[in-house]
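Examining the three-dimensional arrangement
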Amino acid sequence: MADLELLQRVLCVRFEAQFYGCDLRLKLGVSRAVRERLRPLNGLRMPPENGTSGWYIWAGEAFSDADDFFVPLHGEHLDEWAPAVLPYLALPPGWRFLIDGSYEDVWHDEQLLR
């Protein structure tokens with residue numbers, strides 16, 4: 001786990017983001033397509049609340065507003081569903097990422113905090 005935190009800290013420094021940490025015992029919202037290995041992987045972090053980490057992660061180009069698009073998942077299971085997202089989970093609320101193999105885009109989105 002210490003190796004993961006180091007990866008997360010390095011990523012935060014690289015993108016000039018404050019290290020925010022993510023308790024993997026908390027839940028996040030994940031689309032079922034993540035487990036099906038659809039790509040790219042997208043993530044956005046809202047402020048944590050009610051026992052959640054604030055993260056929403058989905059796979060593919062399409063995002064849906066459907067009530068069942070995201071399923072709750074404890075972060076501890078991401079190593080099975082999508083281990084590639086783990087280094088990004090220490091980004092603070094208001095940050096997003098898009099990854100697909102060697103492609104990586106990470107940015108702050110102020111709209112997420114409104």
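Here we take up the overall build of the protein chain. Per the secondary structure count, the protein chain includes three helices and six strands. In the protein chain, the order of α-helices and β-strands from amino to carboxyl end is α-β-α-β-β-β-α-β-β. Here the protein chain holds 114 residues, and the buried ones make up 46% of them. When the accessible surface of the protein chain is split by element, carbon and sulfur atoms take 51% of a total near 6,700 Å². Each charge sign in the protein chain was given a centre, from 11 positive and 18 negative side chains, and these centres are 3 Å apart.

Let us now look at the pattern of salt bridges. Evaluation of the coordinates by the stated rule reveals four salt bridges. The partner of R9 in a salt bridge is E5, with the nearest N and O atoms 2.9 Å apart. Within this pair, R9 and its partner E5 are both found in helix α1 (residues 2-14), separated by four residues, close to a single helical turn. According to the relative accessible area criterion, E5 is partly exposed, its value standing at 37%. As a salt-bridge pair, D109 and R96 come within 3.1 Å of each other at their nearest N and O atoms. Of this pair, D109 sits in the segment after β6 (103-108) while R96 sits in strand β5 (residues 95-100); the two residues are 13 residues apart in sequence, bridging distant segments of the chain. Each member of the pair, D109 as well as R96, carries the same accessibility label: buried.

A word on the nonpolar core. Among the nonpolar cores identified, the biggest contains 29 residues, and V34, L78, V85, L89 and L91 are the most heavily contacted of them. Taken together, the elements giving at least two residues each to this core come down to α1, β1 (27-31), α2 (32-35), β3 (52-59), β4 (70-74), α3 (78-81) and β5. Non-local contacts of L89, meaning those with residues more than four positions away in its chain, are made with Q8, G21, C22, L24, R45, W55, I57 and L78.

Quick look at the state of the cysteines now. Under the defined criterion, the tally for this structure stands at zero disulfides. Not engaged in a disulfide, the cysteine C12 finds its nearest cysteine sulfur in C22; these two sulfurs lie 11 Å apart. For C12, a relative accessible area of 2% corresponds to the buried category.

Inspection of every chain in the model, using the stated rule, returns eight aromatic pairs. Aromatic side chains W55 and F97 sit 5.5 Å apart centroid to centroid with 50 degrees between the ring planes, which places their arrangement in the tilted category. Taken together, the positions of W55 in strand β3 and F97 in strand β5 put the pair 42 residues apart, joining distant regions of the chain. For W55, a relative accessible area of 1% corresponds to the buried category. An angle of 65 degrees between the planes, with centres 5.6 Å apart, marks the rings of F63 and F69 as edge-to-face.

What counts, and at which threshold
Residues numbered from 1 in each chain as written. Predicted model: local features only at pLDDT ≥ 70, side-chain atom pairs only at ≥ 80, totals over all residues. Heavy atoms only, no water. Helix = DSSP H or I, 4+ residues; strand = E, 2+ residues; numbered from the N terminus. Buried < 20%, exposed > 50% of the residue type's maximum accessible area, 1.4 Å probe, protein only. Areas by Shrake-Rupley, 256 points an atom, 1.4 Å probe, with all protein chains shown as cover. Lys, Arg positive; Asp, Glu negative; His and termini not counted. Charge placed at Lys NZ, Arg CZ, Asp CG, Glu CD. Salt bridge = Lys/Arg side-chain N within 4 Å of Asp/Glu carboxyl O. Core = buried A, V, L, I, M, F, W, Y, C linked by side-chain atoms within 4.5 Å. Contact = heavy atoms within 4.5 Å. Disulfide = S-S within 2.5 Å. Phe/Tyr/Trp six-rings, centres within 6.5 Å; stacked < 30°, edge-to-face > 60°.

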